Amino acid sequence: MTTIRQRRVEKGTEVAEDQPSEEKNVKPDGKILSGGKLWNILWITVGGIVAISLGLLTSVYVATLHENDLWFSNIKEVEREISFRTECGLYYSYYKQMIQAASIQQGLHGLVYDNKTESVRTINILERMNVYQEVFLSILYRILPIQQYLEPVYFYIYTLFGLQAVYVIALYVTSWLLSGTWLSGLLAACWYITNRIDTTRVEFTIPLRENWALPFFAVQIAAITYLLRTHLQPVQERLTLTAVFIATFLFSLTWQFNQFMMLIQALALFILDCFDMIPTAKVTWLYIIQISGLLLVCVLQFFNSMILGSLLISFNASVLIARTVQKNLKKGGLLNRLGKLILHVLLVLGLTLLINKFIKKILNLESDEHIFKFLKAKFGFGATRDFDANLYLCEEAFGLLPLNTFSRLSDTLLFCVYIFVLFLMTVAAVIVAFRNLSGSNQVQFMEKMEECTITLKPDAAYNLIHTVLFGCLALSTMRMKYLWTSHMCVFASFGLCSTEVWKLILKCIHLYTSQRTHVLKYSIPIITLLYISYKFWPGIMDELSELREFYDPDTVELMNWIKSNTPNTAVFAGSMQLLAGVKLCTGRTLTNHPHYEDKNLRERTKQIYQIYAKRSPEDVYRILRSFGTDYVILEDSICYERRHSRGCRLRDLLDIANGHIMDGLGENEPDLKPSLYPRFCEEIKKNLPSYTIHFTRVFQNKTFHVYKLAKHK
């Protein structure tokens, strides 16, 4: 098991929010003063320098944490590779494969016609997995004159840490655009860093797909925020749409879950469009960009059927069709519009399901069925014995967001400020939505609503719905919290530095003056920054000074034994997580792996995992040999698992799926029956004749047991 042990010592002008009045910039003789413009340019330049500096500092910070945690520069190559755990190791193995190939062409051919990732099958890695970033990076490393100065692994990890700079700068810019002052961006970046445990996990899961994708997603949100501003020039709008498309494409290319994230984004746009809070023309462009970006990725992934059958494409197409069918959707009184809106929503949902079902029927698509089984069971629509669904349900990462998350976020004041701003903006949004639906033109009503209208510009409205929907996702699935918490930093800092928010608050308590608004807009964020610095700076310094060391001798011993004592063509079976490391460290062929978005692989994994079930040695041998297995690796940490409670241990999931009662004290469902055979992973260690005729132990340490399969004629 991998462990980490203690290392042994051997004032400001707002940006593009409100243009300076001509009275202040024009002399009596009509000449325009240049001082205001110069100050504005200087202020923007300072803000830009601060953004870049914070981005670079964040990159250095996470890189230092990674080095201090593992002593990465001092450990052996095999230890570095083992540190890329589970699916991270699988993705990095393709980068290593491309680097070691005789030529770029041969490297690409090896990925397109891969027969080492899944034994007795040839698969197209570029179709099945989102690894174009590894391909691009490996080609870049080969053509740049840096091989003598920088090892491939450092080129890889420094690129990921560099993307953190892009991420922080994008968050900074989004907050700046929303509030009109870069002080807001500074606060957002500081919150992101001080809440690192809940905003990123890049320093210990470097190759994970989300670490590639989320920086581009943040850039896309910043571009959408700018796009939704009013009074953009046509050339500005075209350039911004181009930026949105590029960011959407890169986000989609680098993460297999892109379609689900963009579906939530499309729902946000749909809600805002229905309530007339953002321009319909811009929403249409964003729908088209999402579809075109995803289809371009589909082409690059050799027409991956999972992309074509995505709900996003069906939903966006349905919205565009429904809008052409239902004309005059935004005309009429309140009841009339509500009726049209309900009909519109039902039409869109019905068309989405119809189109999606039709596409999946035509393509015979079943790659994502495990996700819907998981969601059905998670939200209480019936219990399931499905092995794949239960595998997700029992993982903490796919459970509800733990309550201690909110206490950590509250320590930095982030969550408290966020809830305060969210409440104000939600109230304003509800009132504005009601006004838009009612279509009232009464002067008195408009005067009442003026303050709310100011606080809910289209860009702020989008970010409000975005944070609400992704908040719901994070609350339901802990693994997705990083999409929410980073945007929480943006939204909270925007509210604290927003003229409109403070103006609304002061008007509500009858204390509004422009001077008070200005003072609060700058003084409260500065006080917050001082508090964060005072409370968390010592902790950050202590964290940076703490030195540890990677320590996993059992896995290192296993990998070295495999490389030294097995042929290059040997096929290994075992757990998904371990086999990813086997491929990376040894280059041997696998029977299964952690990239789970394929029905055949899921069936294969369930069969391989019978090594931890109550099955006869003959059955297990037959299953393993059907996949060409030469060696099987058994892990005590799985066979005698204690990490999960009864009912969620891997052996329990297999017993339930096989119709067998579970081990240990506790209830079993009435139709489960005792197995005729003992648990394979336990019984094989007794060296009984019925087992040794098929399996010979060839390696053993405290964690792993490797058995060679006999080759019977």
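This text gives an overview of the structure that appears in the document.

About the thresholds
- Residues numbered from 1 in each chain as written.
- Predicted model: local features only at pLDDT ≥ 70, side-chain atom pairs only at ≥ 80, totals over all residues.
- Heavy atoms only, no water.
- Helix = DSSP H or I, 4+ residues; strand = E, 2+ residues; numbered from the N terminus.
- Rg over C-alpha atoms; globule rule 2.2 N^0.38 Å.
- Buried < 20%, exposed > 50% of the residue type's maximum accessible area, 1.4 Å probe, protein only.
- Disulfide = S-S within 2.5 Å.
- Phe/Tyr/Trp six-rings, centres within 6.5 Å; stacked < 30°, edge-to-face > 60°.
- Lys NZ or Arg CZ within 6 Å of the ring centre and 35° of its normal.
- Contact = heavy atoms within 4.5 Å.
- Axes fitted to C-alpha atoms, helices over the stretch in contact; angles between N-to-C directions.
- Parallel < 35°, antiparallel > 145°, perpendicular 65-115°, else oblique.
- Nonpolar A, V, L, I, M, F, W, Y, C, P; charged D, E, K, R; others polar.
- Pairing = 2+ DSSP bridges.
- Salt bridge = Lys/Arg side-chain N within 4 Å of Asp/Glu carboxyl O.
- Expected span 1.5 Å × (residues − 1).
- Arc of directions from axis to C-beta.

1. Considerations on the overall build of the protein
Consideration 1: Across its full length, the protein carries 34 helices and seven strands.
Consideration 2: Its C-alpha atoms give the protein a radius of gyration of 28 Å, within 12% of the compact-globule value 27 Å for 713 residues.
Consideration 3: By principal-axis analysis of the C-alpha atoms, the protein measures approximately 105 × 65 × 55 Å.
Consideration 4: Counting across all 713 residues of the protein, residues that qualify as buried make up 56%.

2. Re the state of the cysteines
Consideration 1: Evaluation of the coordinates by the stated rule reveals two disulfides.
Consideration 2: Residue pairing for Cys394: its cysteine sulfur links by disulfide to Cys648, the two sulfurs lying 2.1 Å apart. Note on the Cys394 and Cys648 pair: the S-S dihedral is about -75°, so by sign convention the disulfide is left-handed. With Cys394 in the loop between helix H19 (387-393) and helix H20 (404-411) and Cys648 in the loop between helix H31 (636-639) and helix H32 (650-658), this residue pair connects regions lying 254 residues apart in the sequence.
Consideration 3: Taking relative accessible area as the criterion, Cys394 reaches 12% and is therefore assigned buried.
Consideration 4: Looking at Cys648, the relative accessible area reads 22%, which means it is partly exposed.
Consideration 5: Between the sulfur atoms of Cys639 and its disulfide mate Cys681 the distance is 2.0 Å. Measuring handedness by torsion sign, the sulfur bridge of Cys639 and Cys681 sits at about 80° and is right-handed. With Cys639 in helix H31 and Cys681 in helix H33 (residues 680-683), this residue pair connects regions lying 42 residues apart in the sequence.
Consideration 6: Since its relative accessible area comes to 2%, Cys639 is described here as buried.
Consideration 7: The exposure class of Cys681 is buried, given its relative accessible area of 1%.

3. As for the packing of aromatic side chains
Two aromatic rings, taken as a pair, are described by how far apart their centres are and by the angle between their planes.
Consideration 1: Counting across every chain of the model gives 34 aromatic pairs.
Consideration 2: With 5.5 Å between their ring centres and 45° between their planes, Tyr141 and Phe155 make a pair best called tilted. With a gap of 14 residues between them, Tyr141 in helix H7 (residues 132-143) and Phe155 in helix H8 (residues 152-179) connect regions that are remote in the sequence.
Consideration 3: On the numbers, 5.4 Å between centres and 45° between planes, the contact of Tyr154 with Tyr158 is tilted. In this pair, Tyr154 and Tyr158 both sit in helix H8, four residues apart, roughly one turn of the helix.
Consideration 4: Through a chain of ring-to-ring contacts, the aromatic side chains of Phe72, Phe84, Tyr92, Tyr95, Tyr154, Tyr156, Tyr158 and Trp212 assemble into a single cluster.
Consideration 5: One Lys or Arg, Lys507, reaches over the ring of Tyr512 and ends 5.4 Å from the middle of that ring.

4. With respect to the side chain of Ser93
Consideration 1: On the secondary structure map, Ser93 appears in helix H4 (residues 87-100).
Consideration 2: Not counting residues up to four positions away in its chain, the partners in contact with Ser93 are Lys583 and Leu584.

5. A word on the packing of H20 against helix H21 (residues 414-438)
Consideration 1: For the pair H20 and H21, the least separation of the axes is 5 Å and the interaxial angle reads 95°. When the interaxial angle is binned, H20 and H21 end up roughly perpendicular. Where H20 approaches H21, its residues Phe406, Leu409 and Ser410 are matched on the opposing element by Leu414, Phe415 and Cys416.
Consideration 2: The residue inventory of the contact of H20 with H21, partitioned by class, reads five nonpolar, one polar and no charged.

6. Remarks on the side chain of His487
Consideration 1: Its place among the elements puts His487 in helix H24 (residues 481-496).
Consideration 2: Since its relative accessible area comes to 4%, His487 is described here as buried.
Consideration 3: In this view, His487 contacts Ile221, Asn463, His466 and Thr467; residues no more than four positions away in its chain are not counted.

7. Thoughts on the sheet that holds strand E3 (residues 571-573)
Consideration 1: Reading across the sheet, the five strands line up as E4-E3-E5-E7-E6 and stay open at both edges, with mixed pairing between neighbours. In this open sheet, the two edge strands, each paired with only one partner strand, are strand E4 (589-590) and strand E6 (695-700).
Consideration 2: Where E3 and strand E5 (residues 631-635) come together, two bridges link them in parallel fashion. Bridge pairing in E5 links Phe572 to Tyr631.

8. What about the pattern of salt bridges?
Consideration 1: Summed over all chains, the structure comprises 31 salt bridges.
Consideration 2: Arg679 serves as the salt-bridge partner of Asp663, at 2.7 Å between the closest nitrogen and oxygen. Separated by 16 residues along the polypeptide, Asp663 in the loop between H32 and H33 and Arg679 in the loop between H32 and H33 bring together distant segments of the chain.
Consideration 3: Classification of Asp663 by relative accessible area gives partly exposed; the value is 24%.
Consideration 4: Residues joined by salt bridges that share partners form a network here, namely Lys614, Arg651, Asp655, Asp663 and Arg679.

9. Quick look at helix H17 (residues 334-363)
Consideration 1: Across its 30 residues, H17 extends 43 Å between first and last C-alpha, which sits within 8% of the 44 Å expected from 1.5 Å per residue.
Consideration 2: If you check which residues of H17 are buried, you get Arg337, Leu341, His344, Val348, Leu351, Thr352, Asn356, Ile359 and Lys360.
Consideration 3: Each element contacted by the buried residues of H17 is listed here: helix H13 (258-274), helix H15 (305-308), helix H16 (311-325), helix H18 (369-378) and H21.

10. Comments concerning the environment of Leu511
Consideration 1: Within the element layout of this structure, Leu511 appears in the loop between helix H25 (499-508) and helix H26 (514-545).
Consideration 2: A residue is classified by how much of its surface remains accessible, and Leu511, at 40% relative accessible area, is partly exposed.
Consideration 3: Those residues within four positions of Leu511 in sequence are excluded, and the remaining contacts are Leu506 and Arg516.

11. Focus on H20
Consideration 1: Taken together, the buried positions of H20 are occupied by Thr405, Phe406 and Leu409. The buried residues of H20 occupy an angular sector of 95° when projected down its axis, which confines them to one face.
Consideration 2: Structurally, H20 contributes buried residues whose contacts are with helix H10 (196-199), H21, helix H23 (458-476) and H24.
Consideration 3: Leu413, located one to two residues past H20, shows a positive phi value of around 75°.

12. Regarding unusual backbone geometry
Consideration 1: Within the chain, Phe303 stands out as a residue other than glycine whose phi angle is a positive 55°.
Consideration 2: You can see Phe303 is positioned in the loop between helix H14 (280-300) and H15.
Consideration 3: When its relative accessible area of 54% is taken as the criterion, Phe303 is described as exposed.

None of the figures reported here should be taken as evidence of function without further support.
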